[in-house]
Amino acid sequence: MRKIVTLSVIMGMSSLLFSCQDKLKPNYQVFPNMYESAGYETYSESNAFKNGKEGQLPAQGSIKRGFVPYGLPDSPEGYAASKNVVKSPLDSASVDFEKAKELFNIYCAVCHGEKGDGQGKLVKREKFLGVPNYKDRQITVGSVYHVATYGLNAMGSHKNQLSQKERWQVAEYVMKLKSEL
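These numbers were taken from a predicted model, which means no experiment stands behind them.

### Points about the overall build of the chain
- In terms of regular secondary structure, the chain is built from 8 helices and 0 strands.
- Ordered by position from N to C terminus, the α and β elements of the chain give α-α-α-α-α-α-α-α.
- For the chain, with 181 residues in total, the buried portion stands at 25%.
- Once local pairs closer than 6 in sequence are excluded, the contacts in the chain between residues at least 24 apart make up 57%.
- Counting every atom, the chain has about 14,200 Å² of accessible surface; 55% of that belongs to carbon and sulfur.

Take a look at the structure:
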């Protein structure tokens, strides 16, 4: 008899505990913002900013930390002026020719060839024609950097793929290839 009373008390207590529970709407929320977050439309207006429409913009004329602006414009005059730059801003100790060779093989050799002879894979397959041999060109470190930054003719810009230091290193490597041809 005692077992029946004990069992009925346990069943009654458990039914009281679990009968008030609603799994779709919990009674107490420790972090309510995690359960019911405020949904914001991605491109909607917001009163979090001054004018209510756009985010905070950087100050006029500001540059990011560590960035050194390249002073020559993307124009034929800028390219002609870049030929006067015969020394890169990198000192000779900071030029890593192994890294420069690796970057050249990734971004440049497919058209210009691994030796800089203008016989890359795409040229051999006749996808691009007229890729110059470095030996035949009047180039300087500055003009190579300028072309890598802005692009020239069919060659596109590489400033989004390569940092400034990497572009200068590749330019130094191109000059090394030119001297070896």
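### With respect to the state of the cysteines
- Applying the stated criterion to the full structure yields 0 disulfides.
- Between Cys108, a free cysteine, and Cys111, which holds the nearest cysteine sulfur, the sulfur-to-sulfur gap is 8.8 Å.
- Residue classification places Cys111 among the buried positions, given a relative accessible area of 18%.

Criteria and thresholds
- Residues numbered from 1 in each chain as written.
- Predicted model: local features only at pLDDT ≥ 70, side-chain atom pairs only at ≥ 80, totals over all residues.
- Heavy atoms only, no water.
- Helix = DSSP H or I, 4+ residues; strand = E, 2+ residues; numbered from the N terminus.
- Buried < 20%, exposed > 50% of the residue type's maximum accessible area, 1.4 Å probe, protein only.
- Contact = heavy atoms within 4.5 Å.
- Areas by Shrake-Rupley, 256 points an atom, 1.4 Å probe, with all protein chains shown as cover.
- Disulfide = S-S within 2.5 Å.

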